[in-house]
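One-letter residues, chain by chain:
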Amino acid sequence: MIDYLRGPVVHIETEYIVMDVRDTGYRVFMPNPYAFAGKNEPVVVYIHHHVREDAIHLFGFESREQQTMFRKLLDVSGIGPRVALGILSAGRPEAIAGAIQQENLSFLTKLPGIGKKTAQRMVLDLKDKLTGYGDEGLLSAAGFGAEPGLAGTGNGQGAGTAWEEARDALAALGYTTAELDRAWNGLQSSVTPEESVDSLMKRALQQLFKG
């Protein structure tokens, strides 16, 4: 089975890329093929090798996290490769995992191809199988431990504040300025001077998943 491919991307379509690996062109379906637009050097794409009676398809991902989440989504009844790919095109793995762990059906039903019943199945089938992806996984991936920091006041963006650190970490995970401002607006009135970076990130994620 193919685990990853390394080579230049020689062609891009709306649903797939073509990679040249040792003079063989591999068509790889991806959540966002245009992520590789303009890259002339060889790239690494992590692969799910999907075999059916009538076809063999390669699904590719920019990270191991995407690859792992894709495979977990396939374990949910009613979710096939195309739907799983659509889910990952609309949401980051950590955001999807967080919504599942918090049983946030509102978030899940906004994903392509996901209705209420499928969202409920996602929660039922995956909630206990996503360790390392939720709040703790996000904190670990962002490089934060359990050391307390000083929470900021006002707009929370002063140098050295816990919110500034939490905000930078969440921005590194792909959240937009508008999303982070919305999260801060929901948190600001309840922040205490003793609150840690970890706590602020967790509560900010809860605010983000509400929307």
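Numbers given to residues run from 1 along each chain, matching the order in which its sequence is written. Local features in this predicted model are restricted to residues of pLDDT 70 or higher, and side-chain atom pairs are both shown and tallied only at a pLDDT of 80 or more, whereas totals for entire chains, interfaces and linings draw on every residue. Working from all heavy atoms in the structure, the side-chain values ignore hydrogens and water.

What exactly am I supposed to notice about the overall build of the protein here?
If you tally the helices and strands in the protein, you get 9 helices and 6 strands. The long-range share in the protein, meaning contacts at least 24 apart out of those at least 6 apart in sequence, stands at 56%. All accessible areas in this document rest on Shrake-Rupley with a 1.4 Å probe, and a residue is counted as covered only by the protein chains that are shown. Accessible surface, the protein as shown: approximately 10,900 Å² in total, 48% of it carbon and sulfur. Working definition: helices are DSSP H or I runs of at least four residues, strands are E runs of at least two. Numbering for both runs from the N terminus. Throughout, a contact is declared for two residues whenever any of their heavy atoms are within 4.5 Å.

Got a minute to help me understand the packing of helix α1 (residues 64-73) against helix α2 (residues 81-90) in this structure?
Packed helix pairs are specified by the crossing angle of their axes together with the interaxial distance, meaning the distance between the axes. The convention used is that axes are lines fitted to C-alpha atoms, helices contributing only their stretch in contact, and that angles between N-to-C directions extend from 0 to 180 degrees. Relative orientation of the contacting elements α1 and α2 amounts to 135°, with a least axis distance of 9 Å. In terms of orientation, α1 and α2 fall into the oblique class. Judged by the sense of rotation from one axis to the other, the crossing of α1 with α2 is right-handed. Facing α1, whose interface residues are Q66, M69, F70 and L73, α2 presents P81, A84, L85, I87 and L88. When residues are grouped by polarity, Ala, Val, Leu, Ile, Met, Phe, Trp, Tyr, Cys and Pro land in nonpolar, Asp, Glu, Lys and Arg in charged, and all others, Gly among them, in polar. A per-class count over the contact of α1 with α2 returns 8 nonpolar, 1 polar and no charged. Any angle between 65 and 115 degrees counts as roughly perpendicular, while under 35 counts as roughly parallel, over 145 as roughly antiparallel, and the rest as oblique. In a left-handed crossing the near helix is turned counterclockwise from the far helix by less than a right angle, and in a right-handed crossing that turn is clockwise.

What exactly am I supposed to notice about helix α3 (residues 93-101) here?
Since one α-helical turn is 3.6 residues long, residues separated by three or four positions face the same way. α3 sits mainly inside the fold: 8 of its 9 residues count as buried. All buried positions along α3 are accounted for by P93, E94, A95, I96, A97, G98, A99 and I100. E103 occupies a position one or two residues after α3 and carries a positive phi of about 55°. Buried residues are those whose accessible area, probed at 1.4 Å on protein chains only, stays under 20% of the maximum for their type, while exposed residues exceed 50% and partly exposed ones sit between those limits.

Explanation requested: the confidence of the model for the protein in the structure shown.
Low pLDDT marks stretches whose predicted atomic positions should not be read closely. Confidence scores here are pLDDT values: one per residue, from the predictor, ranging 0 to 100. For the protein, mean pLDDT is 80; residues scoring 70 or higher make up 83% of the total. Element-level pLDDT for the protein is lowest in helix α6 (residues 135-142), with a mean of 44, against a maximum mean of 96 in strand β4 (residues 24-29). Considering only residues more than four positions removed or in separate chains, one finds that residues 134-160, a stretch of pLDDT under 50, has 65 contacts.

How do you make sense of the packing of α1 against α3 when you look at a structure like this?
At their nearest, the axes of α1 and α3 sit 9 Å apart, and the two run at 40° to each other. When the axis of α1 is compared with that of α3, the two are oblique. Here α1 contributes E65, Q66 and M69 to the contact with α3, which in turn contributes P93, I96 and A97. A breakdown of the residues in the contact of α1 with α3 according to their chemical character gives 4 nonpolar, 1 polar and 1 charged.

Explain the pattern of salt bridges here, please?
Working definition: two side chains of opposite charge can pair if their charged atoms are close together. Here, a salt bridge means any Lys or Arg side-chain nitrogen found within 4 Å of an Asp or Glu carboxyl oxygen. Applying the stated criterion across every chain yields a total of 6 salt bridges. With its nearest N and O atoms 3.8 Å apart, the salt bridge here joins R82 to E15. Remark: E15 occurs in the loop between β2 (9-12) and β3 (16-21) and R82 occurs in helix α2; sequence separation between them is 67 residues. Taking the relative accessible area as the measure of exposure, R82 reaches 44% and is therefore partly exposed. Notably, a salt bridge pairs E94 with R92, separated by 3.6 Å at the nearest N-O pair. Looking at E94, the relative accessible area reads 14%, which means it is buried.

Explain the packing of aromatic side chains to me, please; I cannot follow it from the model alone.
The relation between two aromatic rings is expressed through the spacing of the ring centres and the mutual angle of the planes. Under the pairing criterion, centres of Phe, Tyr and Trp rings, with the six-membered ring standing for Trp, must be within 6.5 Å; the plane angle then separates stacked pairs below 30 degrees from edge-to-face pairs above 60, leaving the rest tilted. Here the structure, examined in full by the defined rule, presents 4 aromatic pairs. For the ring pair Y16 and F29, a centre distance of 5.7 Å and an interplane angle of 70° mean the geometry is edge-to-face. One end of the pair, Y16, is in strand β3; the other, F29, is in strand β4, and 13 residues separate them in sequence. Since its relative accessible area comes to 8%, F29 is described here as buried.

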